[in-house]
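# Per-entry structural report
In case you want the letters, here they are:
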Amino acid sequence: MDERQIASIVEKVVAKLATEGVATSGRAPTVLRHHRTHADGRGVHPTVDSAVAAATRAFQDLHACTMADRARYIQALRDVTRAENQTISTMAVSETGLGRVDDKLHKNQLVLEKTPGTEALHSTAWTGDDGLTLTEMAPYGVIGSITPCTNPTETILNNGIGMLAAGNAIVFNTHPAAKGVSAYFIDKLNAAIENSGGPSNIFNCVAEPTIETAQSLMTHAGIRLLAVTGGGGVVKAAMTSGKRAIAAGPGNPPVVVDETADIKKAGRDVVFGASLDNNVICIVEKEVIAVAEIADALKREMKANNAHEVSGGDLKRLEKLLITPDNHVNRDYIGKNAALILADAGIRVPDSIRLAFAEVPEQHPFVQHEMLMPVVGFVRVSDVDAAIECAVRCEHGYGHTAVMHSTNINALSRMARAVNTSIFVKNAPSCAGVGLGGEGFTSWTIASPTGEGMTYAPHFARARRCVLKDSFRIV
Ligand code: NAD
């Protein structure tokens, strides 16, 4: 064989490995085959059956990969999301009609930076006279994940990193109103894994998701675990599906401001939190409960931070626009800009206005409903104890999220205990609770009904114990 022939063979092998993918780590390289299944994009399938079949093959391929491989694929997911952030944030707003592009950029950035990966999984060892016992965190297999239209790409990435870290493949039933951006993003995520040498189809979805496809995913024999993120309907469906489910449901987070709070900061924080992505996020402030002594000062600070107070005839028109005669939220206005909503109620404000609020009684729909738009009720109460009791009632026992601004540590402790939520934020916008301006990792599947709270990789792993009697001690 001459040098030209050898060079040609080397070139062919390198090209083949580049298309098939080579997993490199401390161990011998793992060569993985890529199963292309559908013209709609990598991981986008015509049926739930074909999506589960592809995910099952991907899960088997993952067995050949090391933890270092998984960590590398996750880094590739973070990198591709950073590169695609502008595109997916713009697509999400234009497809769903919900939220603000600038805020979605921050949300996706937060998820790519602060979602824990393989480092969150820990093994445990016990040694003693009887030998050695190990517990290791193993994958379930294929996880079914049902995602909302309010945080479509954030939930896919956040769940996806945690689930892949634990060694699982995933079938998403994305929200029908966000199916385009979700399929686009899933294709990019799969490409990133393939390009870093990993298996194809770790992430899967159906091209045309519906409630029926979600329900068939919930009962599919190939699905070991469900993670659902959405409103009360999908939570109930998952919890009665007969499968183990991690269920993240609705909330109605109250924010209490008492007379000891830093009112300037509280006013700024309340507007920042309650207007973030036009209030579609489950954890953001949905009603303000203010102690009478500081209520007017708080309103002034909110107005100084681009909030607009609505009252009198304006309030009547706004109520008519947003609440249907049978006392439901008018879904046409979910996630819309405050200035647009107010304009449709005949109230002209500059585009810089991010939030509308109205002083109303506790029973008002702006307080009681999860409005999911930048319009919040403002309730005035006599003292901090009345405020805490009011907040507990308005939270409706979801156990989701609550916020308080106060410098009275006894009052903060009383509220923390009474409201009993998965997330409780003190002296910050609610988003600090998911790591935006607060310490700690981020999660976009906050499972209050099933108790996991801020879900991450360990929740998507099975604990497996292995016992060796009388051996492997070194002392
Ligand atoms: P949604 O409940 O309308 O949809 C969520 C998903 O569930 C979608 O994919 C939808 O197709 C599916 N679905 C809905 N009803 C179903 C049923 N009966 N059977 C099977 N599948 C069903 O929610 P949304 O409007 O997309 O999102 C907003 C809601 O989700 C709010 O209530 C919000 O508080 C909640 N949410 C909660 C969290 C959390 O972490 N707790 C995160 C995001 C959103």
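Residues numbered from 1 in each chain as written. Predicted model: local features only at pLDDT ≥ 70, side-chain atom pairs only at ≥ 80, totals over all residues. Heavy atoms only, no water.

### Some thoughts on the site of the ligand
Taken together, 31 residues form the shell around the ligand, and within it Cys-149, Gly-231, Gly-249, Glu-370 and Ile-446 come nearest. A distance of 3.3 Å is found between an oxygen atom of the ligand and a backbone nitrogen or oxygen belonging to Gly-230. One of the backbone nitrogen or oxygen atoms of Ile-446 is found 2.7 Å away from an oxygen atom of the ligand. In isolation the ligand has 840 Å² of accessible area, and contact with the protein removes 90% of it. (Near = heavy atom within 4 Å. Polar contact = N/O pair within 3.5 Å; in protein donor to acceptor, adjacent residues only side chain to side chain. Areas by Shrake-Rupley, 256 points an atom, 1.4 Å probe, with all protein chains shown as cover.)

### Let's talk about the sheet that holds strand 3 (residues 44-45)
Note on sheets: strands pair through backbone hydrogen bonds, and any given pair is parallel or antiparallel. Ordered in space as 3-8-7-6-9-10, the 6 strands form an open sheet in which the pairing is parallel. Strand pairing shows two members of the sheet lacking a second neighbour, strand 3 and strand 10 (245-248), which therefore form its edges. In the sheet, strand 7 (residues 169-173) pairs with strand 8 (residues 203-206) via 3 bridges, with the strands oriented parallel. When the sheet's bridge partners are listed, Ile-170 is paired in strand 8 with Phe-203. Across the sheet, helix 5 (residues 152-165) is in contact with strand 6 (142-146), strand 7, strand 8 and strand 9 (225-229); its angle to strand 7 comes to roughly 155°. (Pairing = 2+ DSSP bridges. Helix = DSSP H or I, 4+ residues; strand = E, 2+ residues; numbered from the N terminus. Contact = heavy atoms within 4.5 Å. Axes fitted to C-alpha atoms, helices over the stretch in contact; angles between N-to-C directions.)

### Let's talk about the side chain of Glu-287
Following the sequence through the fold, Glu-287 ends up in strand 12 (residues 287-291). Among buried Asp, Glu, Lys and Arg side chains, Glu-287 stands out as unpaired, with Lys-286 the closest opposite charge at 7.9 Å. Looking at Glu-287, its side chain comes within polar contact range of the side chain of Asn-252, at 3.2 Å. Aside from chain neighbours lying at most four places away, what touches Glu-287 is Asn-252, Pro-253, Pro-254, Val-255, Val-367, Val-376, Gly-377 and Cys-394. (Buried < 20%, exposed > 50% of the residue type's maximum accessible area, 1.4 Å probe, protein only. Lys, Arg positive; Asp, Glu negative; His and termini not counted. Salt bridge = Lys/Arg side-chain N within 4 Å of Asp/Glu carboxyl O.)

### Section: the pairing of strand 6
Counting buried positions over the 5 residues of strand 6 gives 5, a clear majority of the element. Neither face of strand 6 is open: one carries Val-142, Gly-144 and Ile-146, the other Ile-143 and Ser-145, and all of them are buried. Sheet topology places strand 6 next to strand 7; 5 bridges connect them, and they run parallel. Directly across from Gly-144, in strand 7, lies its bridge partner Val-171. As for the winding sense of the linkage, the β-α-β connection from strand 6 through helix 5 to strand 7 is right-handed. (Right-handed = clockwise from strand over helix to strand, strands pointing away.)

### Topic: the confidence of the model for the protein
Parts of the prediction with low pLDDT should not have their coordinates interpreted in detail. Here the protein averages 93 in pLDDT, while 92% of its residues score no lower than 70. Taken together, the stretch residues 1-31 has pLDDT below 50 and engages in 37 contacts with residues farther than four places along the chain or on a different chain. (pLDDT = per-residue confidence, 0-100.)

### A closer look at unusual backbone geometry
Although it is not a glycine, Asn-327 sits at a positive phi angle of roughly 65°. By relative accessible area, Asn-327 is classed as partly exposed at 41%.

### Examining the pattern of salt bridges
The final tally for this structure, using the stated rule, is 24 salt bridges. Close ionic contact of Lys-104 with Asp-277 constitutes a salt bridge, the shortest N to O distance being 2.7 Å. Of this pair, Lys-104 sits in helix 4 (residues 101-114) while Asp-277 sits in the loop between helix 9 (263-275) and strand 12, and the two are 173 residues apart along the sequence. Assigned by exposure class, Lys-104 and Asp-277 land together as buried. A salt bridge links Glu-359 to Lys-299; its shortest N-O distance comes to 2.5 Å.

### Details of the layout of surface pockets
Considering only enclosed or pocket space, the largest pocket measures out at about 1,100 Å³ in volume. Surrounding the largest pocket, 47 residues form its lining, His-175, Gly-230, Gly-231, Arg-331 and Leu-372 being those nearest its centre. Put simply, the parts of the chain that give the lining of the largest pocket at least two residues each are helix 7 (211-218) and helix 8 (232-239). In terms of residue class, the lining of the largest pocket is built from 22 nonpolar, 22 polar and 3 charged. (1 Å grid on protein atoms, 1.4 Å probe; cavity = no way out; pocket = protein on both sides within 12 Å on 5 of 7 lines; lining within 4 Å. Points joined across faces, edges and corners; volume = space filled by probe spheres on them. Nonpolar A, V, L, I, M, F, W, Y, C, P; charged D, E, K, R; others polar.)

### Here's the deal with the sheet that holds strand 4 (residues 124-128)
One open sheet accounts for 3 strands, arranged 4-5-20; its pairing is antiparallel. One side of each edge strand has no neighbouring strand; the edge strands of this open sheet are strand 4 and strand 20 (461-469). Along the sheet, successive strands turn relative to each other by an average axial angle of 15°, direction set aside. Pairing of strand 4 with strand 5 (residues 131-139), which is carried by 5 bridges, proceeds in the antiparallel orientation. Across the sheet, Thr-124 pairs through a bridge with Thr-135, a residue of strand 5.

### Let's talk about the environment of Arg-244
Inspection of the secondary structure assignment puts Arg-244 in the loop between helix 8 and strand 10. In this structure Arg-244 comes out as partly exposed when scored by relative accessible area, which is 41%. Residues Arg-244 and Pro-361 lie 117 residues apart in sequence; the distance between their C-alpha atoms is 41 Å. The contact partners of Arg-244, leaving out residues within four places of it in the chain, are Tyr-140, Leu-225, Leu-226, Glu-452 and His-459. Within the local environment of Arg-244, its side chain forms a polar contact with the side chain of Tyr-140, the two groups lying 3.3 Å apart.

### Description of the packing of aromatic side chains
Within this structure, the stated rule accounts for 3 aromatic pairs. An angle of 5° between the planes, with centres 6.0 Å apart, marks the rings of Phe-172 and Phe-203 as stacked. Here Phe-172 is found in strand 7, whereas its partner Phe-203 is found in strand 8, with 31 residues between them in sequence. Taking 5.8 Å as the distance between ring centres and 40° as the angle between the ring planes, the aromatic pair formed by Phe-357 and Phe-378 counts as tilted. On the criterion of sequence distance, the pair formed by Phe-357 in strand 14 (residues 355-359) and Phe-378 in strand 15 (residues 375-381) is long-range, its members being 21 residues apart. The exposure class assigned to Phe-357 is buried, which follows from its relative accessible area of 1%. Of the residues examined, Phe-378 reaches a relative accessible area of 0% and is grouped as buried. Positioned above the aromatic ring of Trp-126 is the side chain of Arg-465, whose terminal nitrogen or guanidinium carbon lies 5.1 Å from the ring centre. (Phe/Tyr/Trp six-rings, centres within 6.5 Å; stacked < 30°, edge-to-face > 60°. Lys NZ or Arg CZ within 6 Å of the ring centre and 35° of its normal.)

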